[in-house]
Amino acid sequence: MEDNKQTQVARIQDFDPPMKPKTNKYAIACTFLASLSSILLGYDIGVMSGAIIYIKKDLHISDVQVEILVGILNVYSLFGSAAAGRTSDWIGRRYTMVVAAGIFFVGALLMGFATTYAFLMFGRFVAGVGVGYALMVAPVYTAEVSPASSRGFLTSFPEVFINFGILMGYVSNVAFSKLPTNLSWRFMLGIGAIPSVFLAVSVLAMPESPRWLVMQGRLGDARRVLNKTSDSLQEAQLRLADIKQAAGIPENCNDDIVEVPKRPNGDNVWKELIFSPTPAVRHILITGVGIHFFQQASGIDAVVLYSPKIFEKAGIKSDHDRLLCTVAVGVVKTLFILVATFMLDRSGRRPLLLTSVGGMVASLVLLATGLTIIDHSEHKLVWAIVLCIAMVLAYVALFSIGMGPITWVYSSEIFPLRLRATGCSIGVAVNRVTSGVVSMTFLSLQKAITIGAAFFLYAALAAVAWVFFYTLMPETQGKTLEEMETLFGTFWNWRKRARALKELKKTEKHSNDNGQIQMATNNPAMQNFMIVSTQSNIVV
């Protein structure tokens, strides 16, 4: 009788909805530590916006030299991001972060002790290489450590720390603004060496990426990391099986150390990515590079780096007051990126991204309108000044809630395993080049066509970005990294494939709920999905 009651209870409980997995604190800790590397870029962006006011006064440099000094770090970072892909495949994601921290540490000290413009430019070069390393490796590591249920939340951490670094830079500007001119900017730049020390030390507490460990044949180590960073042991086993399949390791091979099979044509990642990609990889590359391009082409660095200049044009004349306004920009930017981290895995990538970019277009148009009115007015217009300040804050808030974090989340999760490090490094390179072009042309652009027209231009580019995202970018929420390619390959017709995948999952769930196992060949949804996948020549 008692057994019958227990059986009855068990059957009733079978109808309960599955419990949501608990947040994996170990995975959060790992991605938190890895994302510290993003502070390096954020601090440099934030601090340079204020330091350049005093550098220009102390070293007596022109506006063109100011543009080059501010934006050249983005170009220099190309050297770091180009090398980081191969470096992270060679020595691992973890120790690549140490390399990034060490290089930036040296660069920050060189900038702090610079005595001439040339010396300062050399320090920017060294720091830029370190930033390039950090920008590439942090999103890759966090994507590879994160469980699928919280990957959006965790892989947005690098963007959170970029924003935190920007805020630290703004606060540093205000803190040292009262020092003598020849000391203020040197303290602002030199103190940037401190975050790199914390980053290098934090690496000691981090495990290596499980996907990199599998690529090295270290299945035992990868299994232990996956057990800690997955929501359940079953998920850890599935993640390991998917990674093994992607690496070409037989499913029944479970030794701690195995030999990873080499491809007949060798390890020609560039050929697979650029010269002869499958339709799926080509689609992935276009969207991965496109989102990085439009993130910067929409003018975020012009606003963040030159916010004191924007506030000056809006009518705020005091250096100290303008720097205080930039702190407000940093606070708003950081608060809204925190909001975005909790929405990414609930709302999905596409809804947040499209809402964010649409709002950015509107705020840029209003900012450009306000600045144009102020430019053509002979009297001080308080309402126009308030409008400009409000639109700057609205723009950075809207950027932070979608465009900012989703760029790093999306690009780090769509590339297949073998192409991920190199693919992400290409995306970062495009990101930095575009950022460099924007930051090194803003002052000249606003002189040539007025500051209002410059922001109208950024608004137009943001509108093009919205169309690009709506047309070409599938939703990736809840997909494992190893099944990501199945969504790509048909470009603007990706919605059909997404529907086929959704139908397949519903059918599989229905079969599992009824305790039935259906063969793929007898399942219409699976047949449809297999046909679509085969037509795209998907190769993981």
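Here the structure is shown first, and the text comes after it.
Because the structure is a prediction, the values reported are computed rather than measured. (Residues numbered from 1 in each chain as written. Predicted model: local features only at pLDDT ≥ 70, side-chain atom pairs only at ≥ 80, totals over all residues. Heavy atoms only, no water.)

Peer 1: Please explain the overall build of the protein as it appears in this structure.
Peer 2: Helix and strand content of the protein: 24 helices and zero strands. Buried residues in the protein amount to 56% of all 540 residues. Counted over contacts in the protein with a minimum sequence separation of 6, partners at least 24 positions apart contribute 80%. Surface accessibility of the protein: about 22,900 Å² in total, with carbon and sulfur atoms responsible for 65%. (Helix = DSSP H or I, 4+ residues; strand = E, 2+ residues; numbered from the N terminus. Buried < 20%, exposed > 50% of the residue type's maximum accessible area, 1.4 Å probe, protein only. Contact = heavy atoms within 4.5 Å. Areas by Shrake-Rupley, 256 points an atom, 1.4 Å probe, with all protein chains shown as cover.)

Peer 1: Hey, could you run me through the environment of Val437 in this one?
Peer 2: With respect to the helices, strands and loops of the structure, Val437 is situated in helix α21 (residues 417-449). We classify Val437 as partly exposed; its relative accessible area is 47%. In this structure, the C-alpha to C-alpha distance between Val437 and Gln296, residues 141 residues apart in sequence, is 9.2 Å.

Peer 1: So what exactly am I meant to see when it comes to the pattern of salt bridges here?
Peer 2: It is possible for side chains of opposite charge to pair when their charged atoms get near one another. Under the definition given, this model contains eleven salt bridges. Measuring nitrogen to oxygen at the nearest pair gives 2.5 Å for the salt bridge that ties Lys56 to Asp63. For Arg218, the salt bridge is made with Asp221, and the minimal N-O distance between the two is 3.0 Å. Judged by relative accessible area, Arg218 falls into the partly exposed class, the value being 32%. A network of salt bridges, in which partner residues are shared, links Lys56, Asp63 and Lys447. (Salt bridge = Lys/Arg side-chain N within 4 Å of Asp/Glu carboxyl O.)

Peer 1: Explain the side chain of Ser49 here, please?
Peer 2: As for its placement among the helices and strands, Ser49 is situated in helix α3 (residues 39-59). Non-local contacts of Ser49, meaning those with residues more than four positions away in its chain, are made with Tyr170, Asn173, Val304, Leu305 and Pro308.

Peer 1: Would you take a moment to explain the packing of helix α15 (residues 279-297) against helix α22 (residues 451-472) for this structure?
Peer 2: In a pair of packed helices, the angle between the axes and the distance between the axes together describe the arrangement. Close contact between α15 and α22 brings their axes to 10 Å; oriented N to C, the two are set at 155 degrees. Taken together, the axes of α15 and α22 lie roughly antiparallel to each other. Here the hand of the crossing between α15 and α22 comes out left-handed. Each of His283, Ile286, Thr287, Gly290, Ile291, Phe294 and Ala297 in α15 lies in contact with α22, whose residues at this interface are Tyr458, Leu461, Val464, Ala465, Phe468, Phe469 and Leu472. Looking at the contact of α15 with α22, its residues break down into eleven nonpolar, three polar and no charged. (Axes fitted to C-alpha atoms, helices over the stretch in contact; angles between N-to-C directions. Parallel < 35°, antiparallel > 145°, perpendicular 65-115°, else oblique. Left-handed = near helix turned anticlockwise from the far one by under 90°. Nonpolar A, V, L, I, M, F, W, Y, C, P; charged D, E, K, R; others polar.)

Peer 1: Help me out: how do you make sense of a nonpolar patch on the surface in this one?
Peer 2: A grouping of Phe105, Val106, Leu109, Phe113, Val197, Val201 and Leu204 is seen on the molecular surface, where their side chains present a nonpolar patch of about 670 Å² in accessible area. Of all the secondary structure elements, the ones that give two or more residues to the nonpolar patch are α5 (93-112) and α10 (193-202). With three residues, α5 is the single largest residue contributor to the nonpolar patch. Topologically, Val197 is positioned in helix α10. (Patch = residues over 30% accessible without salt bridge, like charges linked within 9 Å, V, L, I, M, F, W, Y side chains within 5 Å.)

Peer 1: Help me out: how do you make sense of the nonpolar core in this one?
Peer 2: Most often, soluble globular proteins keep nonpolar side chains buried together rather than apart. In terms of nonpolar packing, the biggest core is built from 132 residues, with Ile55, Leu120, Trp185, Leu189, Phe442, Phe455 and Phe469 touching the most fellow members. Considering every element that reaches this core, the biggest residue donor is helix α20 (residues 382-414), with 15 residues. If near-sequence neighbours (up to four positions away) are discounted, Phe455 is found in contact with Val303, Ile310, Leu364, Leu367, Ala368, Leu371 and Phe442. (Core = buried A, V, L, I, M, F, W, Y, C linked by side-chain atoms within 4.5 Å.)

Peer 1: Got a minute to help me understand the packing of α15 against α20 in this structure?
Peer 2: Interhelical geometry of α15 versus α20 gives an angle of 150 degrees and a closest axis separation of 10 Å. Classified by the angle between their axes, α15 and α20 sit roughly antiparallel to one another. The handedness of the crossing between α15 and α20 comes out as left-handed. Where α15 approaches α20, its residues Ile284, Thr287, Gly288, Ile291, His292, Phe294 and Gln295 are matched on the opposing element by Phe399, Met403, Gly404, Ile406, Thr407, Trp408, Tyr410, Ser411 and Ile414. In the contact of α15 with α20, the residues fall into nine nonpolar, seven polar and no charged.

The quantities given are spatial measurements derived from coordinates; they are silent on function.
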